[in-house]
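# Coordinate analysis (summary)
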Amino acid sequence: RSLQAMQERIVTRKKMELINAVNIEFDNYPHKKLNNIFLTLQTVMQSIILHYGGNEFEIQHIGKEQLERQGLLPRSILAGEVVLEIKNHHVEVE
């Protein structure tokens, strides 16, 4: 289940109730799933940078399940040298 689907099970009428419901579901959400979501987000952000802000790319598959079985699953993905060079070049041009 998605985090949003889990949160929507709780009826809220006020903004603070909604915030509390989201926080509760976030705290109860499986940490493994959250890590996988953020790892995917980081690879997507790298691809966006490599494609100069475009979205015409396929999402990279890094084999998270296999990496986890081997004890090699990272908590975050560092930007590669190419990504940093493109970002720095783009900033210099502006």
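### Section: unusual backbone geometry
A positive phi is found at Tyr52, a non-glycine position, where the angle reads about 50 degrees. For Tyr52, a relative accessible area of 63% gives the class exposed.

### Some words on a nonpolar patch on the surface
A cluster of nonpolar side chains, contributed by Phe26, Ile37, Phe38, Leu41 and Met45, occupies part of the molecular surface with about 460 Å² of accessible area. When residues of the nonpolar patch are assigned to their parent elements, the largest contribution, four residues, is made by helix α3 (residues 31-50). Of note, Leu41 is situated in helix α3.

### As for the confidence of the model for the chain
Here the chain averages 84 in pLDDT, while 91% of its residues score no lower than 70. Averaged pLDDT values over the elements of the chain bottom out at 67 in helix α5 (residues 81-93) and peak at 93 in helix α4 (residues 64-69).

### A word on α3
Its 20 residues place the ends of α3 29 Å apart at the C-alpha level, agreeing with the 28 Å of an ideal helix rising 1.5 Å per residue. Among all positions of α3, only Leu34, Asn36, Leu39, Thr43, Val44, Gln46 and Ser47 are buried.

### Thoughts on the environment of Arg9
Checked against the element boundaries, Arg9 lands in the loop between α1 (3-7) and α2 (15-28). For Arg9, a relative accessible area of 51% corresponds to the exposed category. Sequence separation of Arg9 and Asn36 is 27 residues, and the distance between their C-alpha atoms is 23 Å. If near-sequence neighbours (up to four positions away) are discounted, Arg9 is found in contact with Arg1 and Glu25.

### Details of the side chain of Ser47
Mapped onto the elements of the fold, Ser47 is located in helix α3. Residue contacts for Ser47: discarding those within four places in its chain leaves Phe57 and Gln60.

Basis of the calculations
- Residues numbered from 1 in each chain as written.
- Predicted model: local features only at pLDDT ≥ 70, side-chain atom pairs only at ≥ 80, totals over all residues.
- Heavy atoms only, no water.
- Buried < 20%, exposed > 50% of the residue type's maximum accessible area, 1.4 Å probe, protein only.
- Patch = residues over 30% accessible without salt bridge, like charges linked within 9 Å, V, L, I, M, F, W, Y side chains within 5 Å.
- Areas by Shrake-Rupley, 256 points an atom, 1.4 Å probe, with all protein chains shown as cover.
- Salt bridge = Lys/Arg side-chain N within 4 Å of Asp/Glu carboxyl O.
- Helix = DSSP H or I, 4+ residues; strand = E, 2+ residues; numbered from the N terminus.
- pLDDT = per-residue confidence, 0-100.
- Expected span 1.5 Å × (residues − 1).
- Contact = heavy atoms within 4.5 Å.

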